[in-house]
Amino acid sequence: MKSMTAMITAISMMALAGCQSFQPKQQSQQETNECKNYRAMMTAPMAPDAMQRLQLKCEQSMVHEVKD
């Protein structure tokens, strides 16, 4: 009985892990290069105004993507 429970738990965890790994791929395909750059630089030590410029470029690129 314990082995059956362990097997069901393992299969469930693998299925959940498979579903979670699919999500970032969809997001990265929809992101613009400006947003990828902004996301990559979010943890970098930068001046606040430089970070705001990156964020603004990201937001503007998304608006242009929707229009195109």
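Below or above, wherever it landed, is the structure these notes cover. Since we're looking at a predicted model, the values are computed, not measured.

**Description of the overall build of the chain**
So, point 1. Along the backbone of the chain there are three helices and zero strands.
So, point 2. Across the chain, helices and strands are ordered from the amino to the carboxyl terminus as α-α-α.
So, point 3. Counting over 68 residues, the chain shows a buried share of 13%.

**Here we look at the environment of Met42**
So, point 1. Mapped onto the elements, Met42 comes out in the loop between helix H2 (33-41) and helix H3 (48-67).
So, point 2. A relative accessible area of 44% means that Met42 is categorised as partly exposed.
So, point 3. It is 9.2 Å that separates the C-alpha atoms of Met42 and Gln55, two residues lying 13 residues apart in sequence.

**Considering the nonpolar core**
So, point 1. Counting five residues, the largest nonpolar core is built from Cys35, Tyr38, Met51, Leu54 and Cys58.
So, point 2. Within the residue set of this core, elements represented by two or more residues are H2 and H3.
So, point 3. Among the elements that line this core, the one with the most residues is H3, at three residues.

**Remarks on the environment of His64**
So, point 1. Relative to the assigned elements, His64 resides in helix H3.
So, point 2. Judged by its relative accessible area of 48%, His64 is partly exposed.
So, point 3. Separated by 32 residues in the primary sequence, His64 and Thr32 place their C-alpha atoms 9.8 Å from one another.

**So, the state of the cysteines**
Linking two cysteines covalently through their sulfur atoms gives a disulfide.
So, point 1. A complete count under the given rule lists one disulfide for this structure.
So, point 2. Note that Cys35 is cross-linked by a disulfide to Cys58, the S-S spacing being 2.0 Å. What sets the handedness of the Cys35 and Cys58 disulfide is the S-S torsion sign, and at about 95° it is right-handed. Residue Cys35 is found in helix H2, and its partner Cys58 is found in helix H3; the two are separated by 23 residues along the sequence.
So, point 3. Residue Cys58 is classed as buried on the basis of its relative accessible area, which comes to 6%.

Reading guide: rules and limits
- Residues numbered from 1 in each chain as written.
- Predicted model: local features only at pLDDT ≥ 70, side-chain atom pairs only at ≥ 80, totals over all residues.
- Heavy atoms only, no water.
- Helix = DSSP H or I, 4+ residues; strand = E, 2+ residues; numbered from the N terminus.
- Buried < 20%, exposed > 50% of the residue type's maximum accessible area, 1.4 Å probe, protein only.
- Core = buried A, V, L, I, M, F, W, Y, C linked by side-chain atoms within 4.5 Å.
- Disulfide = S-S within 2.5 Å.

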